[in-house]
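Next come the chains, spelled out residue by residue.
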Amino acid sequence: MTDRVRGRARLDGRLIALGVTGSIAAYKAVELLRLLAAEGADVVVLLSPSAARFVGPLTFEALSRHPVETELMELLPDGRIGHIVIADTADAVVVAPATAHWLGAMANGLAGDVVTAACLATSAPVIVAPAMDGDMWTHPATQSNVARLRDAFGYAIVAPESGPLASGQSGIGRLAELPAIVEAVVARLSGTAVRQPDAAARPPLAPTAPRDADLTGRHVVVTAGGTREPIDPVRFIGNRSTGKMGVAIAEAALNRGARVTLIAADVSVALPEDRARVVRVETTGELRGALLDALFGGAGSPATARFDALVMAAAVSDFAPVRPAGRKLVRSEGLNLELEATPDLLAEVARIAHGLDAAGDETRAPVAPRPFLVGFAAETGSLDRAADKLRAKGVDLLVANDVAEAGSGFGTDTNRVVILSAYGASEGLPLLPKREVADRLLDRVAAALDARDAAGQTAGMQEVSR
Ligand SMILES: Cc1cc2nc3c(=O)[nH]c(=O)nc-3n(C[C@H](O)[C@H](O)[C@H](O)COP(=O)(O)O)c2cc1C
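Note that the structure is predicted; figures quoted are calculated from it, not measured. (Residues numbered from 1 in each chain as written. Predicted model: local features only at pLDDT ≥ 70, side-chain atom pairs only at ≥ 80, totals over all residues. Heavy atoms only, no water.)

(A) Main features of the nonpolar core. Counting residues in hydrophobic clusters, the biggest one holds 39 residues, and the most contacted among them are Ile-249, Val-260, Phe-372, Val-374, Phe-376 and Leu-441. Elements that contribute at least two residues to this core include exactly strand S8 (219-224), helix H11 (244-255), strand S11 (259-264), strand S13 (309-312), strand S16 (372-379), strand S17 (397-402), strand S19 (417-421) and helix H15 (434-455). Those residues in contact with Val-374 that sit more than four places away from it in its chain are Leu-310, Val-311, Met-312, Leu-346, Leu-397, Val-399, Leu-441 and Val-445. Counting 36 residues, the second-largest nonpolar core is a separate cluster that includes Ala-25, Ala-51, Val-68 and Ala-156. (Core = buried A, V, L, I, M, F, W, Y, C linked by side-chain atoms within 4.5 Å. Buried < 20%, exposed > 50% of the residue type's maximum accessible area, 1.4 Å probe, protein only. Helix = DSSP H or I, 4+ residues; strand = E, 2+ residues; numbered from the N terminus. Contact = heavy atoms within 4.5 Å.)

Printed below as a string of structure tokens:
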């Protein structure tokens, strides 16, 4: 299993500021951004004015999903100063490629562009990868500037390499290999905590294009909130789920044109009762009943599915008291609680949908049209179990998150998840508002349902690669 599948890529949760200056190698910064993102980093890009003439901000914005910082004298839409927000929240600043001019400006503390300004303003580690003509690199001015950055400022210098240069000559000055720059960033950050996990404090996200009504005509069933298993008439076994993630998914699906059934257990957020069909439940048993009813018109062996996609975001209790007391228990009697495992609702739904019996044997044709099933796996610490869960439950996607992590999980407005797919590709998303996580998930659901319809209802579900 790769680190990415485990959800523990080496820059998971980090905000990396990528400063690009006006070298012919600026195009390589695009690939560097992708490598940093592949390690789990949330990347925000700063461009010097010359760099913006080599590679336009649009490419960086589309890939980083953050507006690119180019203008020192412009404020963010919310009034904050962009390069200061980046300086204050980034885990590291990487300047690659760094020009001879930029090294000179930086060595002298001249904050004339957003890259130098951010470096001057940050207490985060700075990693610099110079790139230039060979004679520019060996010039004493450049060498003394590099030495000052390294020795006086403590910056990590990823030295340029020898090889053919843009001038047509050969010599030392080529930007270091990109993996070497990534390794330098990883090494600098190893053993340190994520500096600012709160997405609201970080640089803003680029406004996302409003999603199309790509779920029009689809019936999406979403479960949200935490179940409560009664111990007696006043006490229960519950969990910390607030329903924020599930409700965000229901609202996002509604906005994309879906007909939504929201089965809500205990929640502490407002429900879209005017736009969705909302079914309130309390226990795992009630949730099971409501779910089977919404999906298949009740228990039994249905031939058709009444839904297109199910997103099981509810936190379902794994255990329930065997014999809930009919009257309030009193302290003097003591209490010895016997618990039993509750049914695995997602696995049961998947079995029914795939035409399998309780033993996993195929007893009839899968329900048609084939629905798309998404589960959530709340873990603490390692996400290693998530890939096993994906297979064991027989779902199409499993959204795994570490609920013990700052800014992620119960009650927060943000979440950092890894989306594991039964079709191979898994994707680790950066820390994002739950509504954005919902939309990224629904991007996949909508694409998979379109592929299902295009392939005909008997063909296997293919998830569309994005
Ligand atoms: C085609 C072209 C390629 C260049 N490549 C480099 C380069 O690789 N390294 C460098 O230090 N300067 C290079 N320069 C010069 C810089 O663009 C110039 O010094 C500029 O002022 C740098 O601004 P900045 O450091 O603010 O980005 C190049 C210029 C041109 C026209």
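Additional details are given in the paragraphs that follow.
(B) Molecular detail of the environment of Val-30. One can find Val-30 in helix H2 (residues 28-38). C-alpha of Val-30 to C-alpha of Ser-64: the two residues are 34 residues apart in sequence and 9.5 Å apart in space.

(C) Structural view of unusual backbone geometry. For the bond running from Ala-96 to Pro-97, omega is -5 degrees, close enough to zero to count as cis. Following Ala-368, the chain continues into Pro-369 via a peptide bond in cis, with omega recorded as -10 degrees. With respect to the helices, strands and loops of the structure, Pro-369 is situated in the loop between helix H13 (345-354) and S16. Its identity as a non-glycine residue notwithstanding, Arg-65 has a phi of 60 degrees, on the positive side. The residue Arg-65 is located in the loop between helix H4 (57-64) and helix H5 (82-89) in this model.

(D) The arrangement of the pairing of S16 in detail. With seven of eight residues buried, S16 is to be regarded as a mostly interior element. Across four bridges, S13 lies against S16 in parallel orientation. Residue pairing across strands places Ala-309 opposite Phe-372, the latter belonging to S16. Two strands pair when backbone bridges link them, and S16 and S17 are joined in this way by six bridges, in the parallel orientation. Counted as the bridge partner of Glu-379 is Asp-402 from S17. (Pairing = 2+ DSSP bridges.)

(E) Just the sheet that holds S13, in detail. Strand order across the open sheet formed by eight strands is S12-S11-S8-S13-S16-S17-S19-S20, with mixed pairing between neighbours. The open sheet terminates on both sides in strands that have one partner only, identified here as strand S12 (277-280) and strand S20 (427-428). Alignment of S8 against S13, held across four bridges, turns out to be parallel. In the strand pairing of S13, Val-222 is matched with Val-311. Together, S16, S17 and S19 form the strand contacts of helix H14 (residues 385-393), whose direction differs from that of S17 by roughly 155 degrees. (Axes fitted to C-alpha atoms, helices over the stretch in contact; angles between N-to-C directions.)

(F) Here's a closer look at a nonpolar patch on the surface. Together, Phe-319, Leu-335, Leu-337 and Leu-339 line one region of the surface with nonpolar side chains, adding up to about 370 Å² of accessible area. For Leu-335, the location among the structural elements is in the loop between strand S14 (319-321) and strand S15 (339-341). (Patch = residues over 30% accessible without salt bridge, like charges linked within 9 Å, V, L, I, M, F, W, Y side chains within 5 Å. Areas by Shrake-Rupley, 256 points an atom, 1.4 Å probe, with all protein chains shown as cover. Salt bridge = Lys/Arg side-chain N within 4 Å of Asp/Glu carboxyl O.)

(G) The arrangement of the sheet that holds strand S1 (residues 15-20) in detail. On the basis of which strands lie adjacent, the open sheet formed by five strands has the order S2-S1-S3-S4-S5 and parallel pairing. Since the sheet does not close on itself, it has two edges, and those belong to strand S2 (42-47) and strand S5 (156-157), each with one partner. In this structure, strand S3 (residues 92-98) lies alongside strand S4 (residues 126-130), joined through four bridges in parallel fashion. The partner of Val-93 across the bridge, within S4, is Val-126. The sheet contacts of helix H6 (residues 100-107) involve S3 and S4, and relative to S3 the element is tilted by about 140 degrees.

(H) Just H13, in detail. With eight of ten residues buried, H13 is to be regarded as a mostly interior element. Buried within H13 we find Leu-345, Leu-346, Ala-347, Glu-348, Val-349, Ala-350, Ile-352 and Ala-353. The secondary structure elements touched by the buried residues of H13 are helix H12 (284-296), S13, S16 and H14. For H13, the side-chain oxygen to backbone nitrogen distance between the N-cap and Leu-346 is 3.4 Å, and the N-cap itself is Asp-344. Where H13 terminates, the next one or two residues include Gly-355, which has phi positive at roughly 75 degrees. (Polar contact = N/O pair within 3.5 Å; in protein donor to acceptor, adjacent residues only side chain to side chain.)

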